[in-house]
Amino acid sequence: MISESFSVNEKGHLAIGGADALQLAAEYGTPLYVMDEDAIRRTCQSYRASIERFYEGRGLVLYASKAFCCKEIYRLVASEGLGADVVSGGELYTALQAGFPVEKIYFHGNNKTVDELCYAAENGVGAIVVDNLTELQCLNGLLERMDKHQNILLRIKPGVDAHTHSFIRTGQIDSKFGFALETGEAMAAVRAAAALPRLRLKGLHCHIGSQIFDTEPFCHAARIMIRFMGDIRRETGLSLGVLNLGGGFGIRYVGEDDPAPYESYMQQVSAAVHESCKEQEFPIPEILIEPGRSIVGSAGATLYTVGALKEIPGVRTYLSVDGGMTDNPRYALYGSKYEALVCARAGEKPTKTVTIAGKCCESGDLLAEGALIQECAPGDILAVLATGAYNYSMASNYNRIPRPPVVFVRGGQPRLAVRRESYADLVRNDL
Ligand code: LLP
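Here is a short report on the structure shown in this document. No experiment lies behind these values; they were computed from the predicted model shown.

Quick notes on the overall build of the chain
Helix and strand counts for the chain come out as 12 helices and 21 strands. Taken along the three principal axes of its C-alpha coordinates, the chain extends 70 × 50 × 40 Å. Put simply, 69% of the contacts in the chain that link residues at least 6 apart link residues at least 24 apart. Of the roughly 17,800 Å² that the chain leaves accessible, carbon and sulfur atoms contribute 49%. Averaging the coordinates of the 43 positive side-chain charges in the chain and doing the same for the 51 negative ones gives two points 3 Å apart.

Structural data, given as structure tokens:
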């Protein structure tokens, strides 16, 4: 199986975190998101351990909560000692409602609203990651009126070469996120931030993209950032103490995906940080990392009930399920690949090639094409694997389809973390 969260039990059924998928579907209905809590905890622990090991504990793992956001995941990652990256007032609100330690919350976004900035500053978030000059000025003014000070980081585009790594989308100059290094904009932002009395410039942030398998672009970005910290000290006398290296570590969605173990990412990036600091004679900064997908992605699956099977001779077989792009828009958006299996026959060899279609009124509403699954009939429960990241958090109510519930499984025992939306929920804000 593609991750340790999935296994075949003695009945030949799919088990998720040790819980029988058919029993979960019977108890909670479908579609249903299932998260293996033990696996999520293990990943949190191994990230924390690598901060201990490679940076002598001088750092913090921030869970990038855009990957999967609800109160229960904030409680879970807080109990594992992680901080959180939030990217909107809504994520911040959810974290605060869950009792997340506010000083460990880092607030991101390329266009935070005035209300969001006030909300974050009022609550005293650990740091606001400032994206642009407008925000810098605006935040200082707001803090003046609030008679407060605020820790900030500046988001920098390290200019990592997108030509060699086409999946890197956020680190290059043509990106809506952050200050560019090449143009001198980043240095100007550092000077401006240092001069604004209400802002406490603690350090820098970068994030080069997501679902990246290769370690080198991360190392490259780390070297560039440390060099820039050296330049800042030479040019302004400021010695910044925090470097946030972002997230983006890739996970296995299908058999051919081959991510490096996180330990090895961490080890190599740490070696790059240490070497560059030595070269610059710069003290090793506190290191923050922001994994999202790699904490929750492989730990989740979505269960569906199979409806119509439509065989079009010589063309393809459509297998329709009771969910679709509303609970997982990633195939429609990015052509992302997923593995699927028939839960009751999880141990059997897959023999059937199908296109898995959702129930939306939209031809592009597909979850997979060319998926190889076991023999299957209407009424069977189908699982799509590795849906823990960017599925529930990107779900919509298109066609007024209620969002599925989320169940966490710990020690083989399920519990509801998010209720299924009702039709009444759908009209709650309608006047
Ligand atoms: N930090 C920052 C500033 C980010 O923008 C992101 C992701 C992360 C951390 C976490 O990256 P991760 O470790 O999860 O790769 N919706 C897309 C993914 C968008 C990622 C956005 N930023 C998808 O479904 O693939």
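Having seen the structure, we can now continue with the description.
Section: the nonpolar core
Counting residues in hydrophobic clusters, the biggest one holds 89 residues, and the most contacted among them are Phe68, Ile73, Ile152, Leu154, Leu204 and Val296. If one sorts the elements of this core by residue count, helix α8 (residues 216–236) sits on top with 10 residues. The residues contacting isoleucine 152, other than those within four sequence positions of it, are Ala127, Ile128, Val130, Leu136, Leu139, Ala193, Leu199, Arg200, Leu201, Lys202 and Gly203. Within the second largest apolar cluster, 40 residues are counted, among which are Leu24, Val34, Leu303 and Leu319.

Description of the sheet that holds strand β3 (residues 19–20)
The strand order β1-β2-β3 describes an open sheet built from 3 strands, whose pairing is antiparallel. Lying at the two open borders of the sheet, with one neighbouring strand each, are β1 (6–8) and β3. Across 3 bridges, β1 lies against strand β2 (residues 14–16) in antiparallel orientation. Bridge pairing links phenylalanine 6 to isoleucine 16 in β2.

Details of the site of the ligand
Inspection of the region around the ligand gives 19 residues, with Ser210, Glu290, Arg293, Arg330 and Tyr390 positioned closest. Contact between the ligand and tyrosine 390: an oxygen atom at 2.6 Å from a side-chain N or O atom of the residue. Protein coverage of the free-state accessible area of the ligand, which is 590 Å², stands at 86%.

Rules of the game
Residues numbered from 1 in each chain as written. Predicted model: local features only at pLDDT ≥ 70, side-chain atom pairs only at ≥ 80, totals over all residues. Heavy atoms only, no water. Helix = DSSP H or I, 4+ residues; strand = E, 2+ residues; numbered from the N terminus. Contact = heavy atoms within 4.5 Å. Areas by Shrake-Rupley, 256 points an atom, 1.4 Å probe, with all protein chains shown as cover. Lys, Arg positive; Asp, Glu negative; His and termini not counted. Charge placed at Lys NZ, Arg CZ, Asp CG, Glu CD. Core = buried A, V, L, I, M, F, W, Y, C linked by side-chain atoms within 4.5 Å. Buried < 20%, exposed > 50% of the residue type's maximum accessible area, 1.4 Å probe, protein only. Pairing = 2+ DSSP bridges. Near = heavy atom within 4 Å. Polar contact = N/O pair within 3.5 Å; in protein donor to acceptor, adjacent residues only side chain to side chain.

Purely spatial values, then, with no claim about function.
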